[in-house]
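Working through the structure, step by step
Next come the chains, spelled out residue by residue.
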Amino acid sequence: MATTEYWQKQALVSFQNKAESNNIDFKRELTEDIERLKEHINAFGNLPGGGLFIFGVNRDYSFFDQDIKQDKIIEKVTSIAHDSQTPPLRAIVHHLAILSRSLLAIEIAPSSQLPVFIRSRDPWRNGAFKRRG
């Protein structure tokens, strides 16, 4: 588990470079594609150091100007991290400031037991994911 200060620095560098990193994923809002979200969470759980979703950022690295439903996002990501992964993963909420804008960030802590699998899938076919950047 990394500190908020650590993620704050990493997020600012990625945002300024207009490029996601292996452990940072900018999102406009919560995706409706739950299976894809499971894959992203799984990949962060398999990554040394874990990873961070940052919500409220458009693809062009401008800020999404509508309010996002933070409670719904936190509940959904936390639930998927814990209930769909084997072993269960921890989701940790952070609030980051980028260019005076407060953004919701959710860390997926790395698992101490690797690999992490998506519980509903065949573990040796498409049950474990890894990010490459």
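The sections below set out a description of the structure shown in this document. (Residues numbered from 1 in each chain as written. Predicted model: local features only at pLDDT ≥ 70, side-chain atom pairs only at ≥ 80, totals over all residues. Heavy atoms only, no water.)

**So, the side chain of Ser-14**
Quick reminder of the rule: To qualify as a helix, a DSSP run of H or I must reach at least 4 residues; to qualify as a strand, a run of E must reach at least 2; elements of each kind are numbered from the N terminus. The contact criterion used throughout is that any non-hydrogen atoms of two residues lie within 4.5 Å.
Looking at the element boundaries, Ser-14 is found in helix 1 (residues 4–17). Not counting chain neighbours up to four residues away, the residues in contact with Ser-14 comprise Ala-19, Glu-20, Ser-21, Ile-24 and Phe-26.

**Considering the pattern of salt bridges**
Keep this limit in mind: Throughout this description, the term salt bridge denotes a Lys or Arg side-chain nitrogen within 4 Å of a carboxyl oxygen of Asp or Glu. Whether a residue is buried, partly exposed or exposed follows from its accessible area with a 1.4 Å probe, protein chains only, as a fraction of its type maximum: under 20%, in between, or over 50%, in that order.
All told, the structure shown has seven salt bridges when counted by the stated rule. One salt bridge in this structure joins Glu-35 and Arg-121, with 3.0 Å as the shortest N-O distance. Remark: Arg-121 occurs in the segment after strand 6 (117–118) and Glu-35 occurs in helix 2 (residues 34–45); sequence separation between them is 86 residues. Judged by its relative accessible area of 35%, Glu-35 falls in the partly exposed class.

**Focus on the packing of aromatic side chains**
For the record, the criterion: When the centres of two rings from Phe, Tyr and Trp lie within 6.5 Å, Trp using its six-membered ring, the rings pair. Their planes under 30 degrees apart give stacked, over 60 give edge-to-face, and anything left gives tilted.
All told, the structure shown has seven aromatic pairs when counted by the stated rule. Centre to centre, the rings of Phe-15 and Phe-26 are 6.2 Å apart; their planes meet at 65°, and the pair counts as edge-to-face. Of this pair, Phe-15 sits in helix 1 while Phe-26 sits in strand 1 (residues 24–27), and the two are eleven residues apart along the sequence. Neither Phe-15 nor Phe-26 differs from the other in exposure class; each is buried. Residues Phe-53 and Phe-55 carry aromatic rings whose centres are separated by 6.2 Å and whose planes lie at 35° to one another, so their mutual orientation is tilted. Each member of the pair, Phe-53 as well as Phe-55, carries the same accessibility label: buried. One aromatic cluster in this structure is built from Phe-15, Phe-26, Tyr-61 and Phe-63.

**A word on the nonpolar core**
Test applied: To form a nonpolar core, buried Ala, Val, Leu, Ile, Met, Phe, Trp, Tyr and Cys residues must be joined to one another through side-chain atoms within 4.5 Å.
Core analysis: the biggest nonpolar cluster contains 18 residues, and Leu-37, Ile-41, Phe-53, Phe-55, Ile-73, Val-77 and Ile-108 have the highest contact counts within it. For this core, the elements supplying multiple residues, two or more each, are helix 2, strand 2 (51–55), helix 3 (70–83) and strand 5 (101–108). Considering each element in turn, this core owes the most residues, four residues, to helix 3. When neighbours within four sequence positions are excluded, Ile-108 is seen to be in contact with Ile-41, Phe-44, Gly-45, Gly-50, Gly-51, Phe-53, Val-77, Ala-81, Leu-89, Arg-90 and Ala-91. Ala-11, Phe-26, Leu-96 and Leu-103 belong to the second largest nonpolar core, which has 15 residues in total.

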